[in-house]
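# Coordinates in review
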Amino acid sequence: QAKMAGRSTLRFFNPGMQKAVDEHVAFEADLRSALAQQEFSLHYQPQLNARGQILGVEALLRWTQPRRGMVSPAEFIPAAEETGLILPLGRWVLHTACTRLAAWQKQPDLAPLTMAVNVSPRQFRDAGFVADVLRVLAVTGAPAAQLKLELTESLLVEDMAKTIATMEALRAHGVSFSLDDFGTGYSSLTYLKRMPLGQLKIDQGFVHDLLSDPNDAAIVRTIVALADSLGLEVIAEGVETEEQRHWLAQAGCQAYQGYLFSKPLPAQEVEQLMQSHISAKNAAGTGADGLL
Ligand code: C2E
Ligand code: MG
Ligand code: MG
Ligand code: MG
């Protein structure tokens, strides 16, 4: 209905606006063909603990478009949600990430690592979601206990009972959950307590100005304390400097992710990086705590 109303008002648009609409339509068409054309790929960003040991990675979607080059997921995920294309795209992401996770089981150094995958609200709420995830795990042979799904706070506000039921169904198979961009949404503490979550992920917006903005510092301390009292792990995203990492570690944050250690990288590159980091750590023994 909204689309129809939008169309009937097109005659009031100026030429610039018409051009924007045309571009939007072209963008959607490109997005549709992108899956078939294999223009999507995943990059992976390591997550580390306070001792500098690698815990796992987060899979991040990349779209390399012939005409536009690399398009940011922040630009196309909303369009994919709107059009429903997020459903096949999300299945592709899960399948690709779980294929990697399964392959790591044959490499002793990489075998214990976790794989975090972003799940959009529409994908999570789809009636076939639980079955999709279980099928991907079965087909790829990836260990469910090492798969972590990153959800956003909007899922905590609407239809709590259904959200919890979906989470429980997957948790029964060993899948765990992290709440992404935490602090930017509207979760109430009651909801948080009822969710079968494993981790809170501190939004990078708070991490960015940690050292200069006392409000952000206070928010981060509060999130760490909240996670602690709810028995949840906590990870900070967007950690770019050693000073931020140090501050976070002092504040009791056990894990971090960010450009400080590595930006998201293609599979082969991240595997090489992690392999050499793990080998160096092993060679240095336990004396290497804090070594990056
Ligand atoms: P997110 O899940 O919160 O991912 C973190 C974003 O921060 C990523 O942006 C990552 O590249 C970026 N980042 C990591 N370290 C740093 C740092 O030290 N500094 C700064 N400034 N940024 C850092 P990216 O890859 O552009 O993804 C943006 C968002 O798109 C993601 O935010 C997530 O919400 C969404 N997204 C990405 N991949 C997928 C996917 O496969 N499915 C769904 N549904 N959403 C996805
Ligand atoms: Mg994420
Ligand atoms: Mg995030
Ligand atoms: Mg984000």
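Per-chain numbering applies: the sequence of each chain, read as written, is numbered from 1 onward. Naming scheme: in the order in which they are written, chains are lettered from A and ligands are numbered from 1. The model is predicted, so local features are restricted to residues of pLDDT at least 70 and side-chain atom pairs to those at 80 or more, both for listing and for counting; the totals for chains, interfaces and linings are taken over all residues. Note that the side-chain values use all heavy atoms of the structure and ignore hydrogens as well as water.

Going by what an unreviewed UniProt entry lists, the chain is known as EAL domain-containing protein and is assigned to Diaphorobacter limosus.

This next bit is on the pattern of salt bridges. Salt bridge criterion: a side-chain nitrogen from Lys or Arg within 4 Å of a carboxyl oxygen from Asp or Glu. Under the criterion given, the structure shown has 10 salt bridges. Between E271 and R100 there is a salt bridge whose closest N-O contact spans 2.8 Å. Placement of the pair is E271 in helix α13 (residues 267-284) and R100 in helix α4 (residues 86-104), with a sequence separation of 171 residues. By relative accessible area, R100 is classed as partly exposed at 28%. One salt bridge in this structure joins E168 and R171, with 3.2 Å as the shortest N-O distance. Runs of E in the DSSP output that reach at least two residues are strands. Runs of H or I that reach at least four are helices, and both are numbered from the N terminus. Only protein chains enter the accessibility calculation, which uses a 1.4 Å probe. A residue is then buried if its area is under 20% of the maximum for its type, exposed if over 50%, and partly exposed in between.

Cavities and pockets were defined on a 1 Å grid built from protein atoms only: a cavity is a group of points that admits a 1.4 Å probe but offers it no way out, a pocket is an open group of points flanked by protein on both sides within 12 Å along at least five of seven lines, and a lining residue is one with an atom within 4 Å of any such point. Grid points are joined across faces, edges and corners, and a volume is the space filled by probe spheres set on the points. Space inside the largest pocket adds up to approximately 890 Å³. Residue assignment for the lining of the largest pocket shows that the elements contributing at least two residues are β1 (40-49), β2 (54-65), α3 (73-83), α4, α5 (121-125), β6 (176-182) and β10 (265-266). Here the element with the most residues in the lining of the largest pocket is β2; it accounts for 5 residues. Looking at the lining of the largest pocket residue by residue, the classes come out as 15 nonpolar, 11 polar and 9 charged. Classes in brief: Ala, Val, Leu, Ile, Met, Phe, Trp, Tyr, Cys and Pro nonpolar; Asp, Glu, Lys and Arg charged; the others, Gly included, polar.

Moving on to the pairing of strand β8 (residues 233-236). Note on pairing: DSSP must find at least two bridges between two strands before they are called paired. With 4 bridges joining them, strand β7 (residues 199-202) and β8 adopt parallel strand pairing. Residue pairing in the sheet places K201 in a bridge with I235 of β8. The sheet contact formed by β8 and strand β9 (residues 255-256) spans 2 bridges and is parallel. What sits directly across from I235, in β9, is A255. If the strands point away from the viewer and the path from the first strand over the helix to the second runs clockwise, then the crossover is right-handed. Note on the crossover from β8 through helix α12 (residues 242-250) to β9: the handedness is right-handed.

For any pair of aromatic rings, the description rests on two quantities: the centre-to-centre distance and the angle between the ring planes. By convention, a stacked pair of Phe, Tyr or Trp rings (six-membered ring in the case of Trp) has centres within 6.5 Å and planes under 30 degrees apart, an edge-to-face pair has planes over 60 apart, and any other such pair is tilted. Taken as a whole and judged by the stated rule, the model has 5 aromatic pairs. Pairing F40 with W92 gives two aromatic rings, centres 6.4 Å apart and planes at 45 degrees, and the pair type is tilted. Remark: W92 occurs in helix α4 and F40 occurs in strand β1; sequence separation between them is 52 residues. Residues F124 and F129 carry aromatic rings whose centres are separated by 5.6 Å and whose planes lie at 50 degrees to one another, so their mutual orientation is tilted. These aromatic residues form a ring-pair network of at least three members: F40, W63, F76 and W92.

With that settled, the discussion passes to the site of ligand 1. A single heavy atom is enough: if one lies within 4 Å of a molecule or strand, its residue is considered near that molecule or strand. Looking at ligand 1, there are 21 residues lining it, with R62, D180, Q204, E240 and Y259 nearest. E58 places a side-chain nitrogen or oxygen 3.1 Å from an oxygen atom of ligand 1. Any N or O atom pair separated by 3.5 Å or less is treated as a polar contact, with the protein-specific requirement of one donor-capable and one acceptor-capable atom, and with residues adjacent in sequence counted only for side-chain atom pairs. A distance of 2.8 Å separates an oxygen atom of ligand 1 from a polar atom in the backbone of Y259. Residue exposure ignores everything except the shown protein chains as possible cover, and the areas themselves are Shrake-Rupley values with a 1.4 Å probe. Here ligand 1 loses 83% of its free accessible area of 800 Å² to cover by the protein chains.

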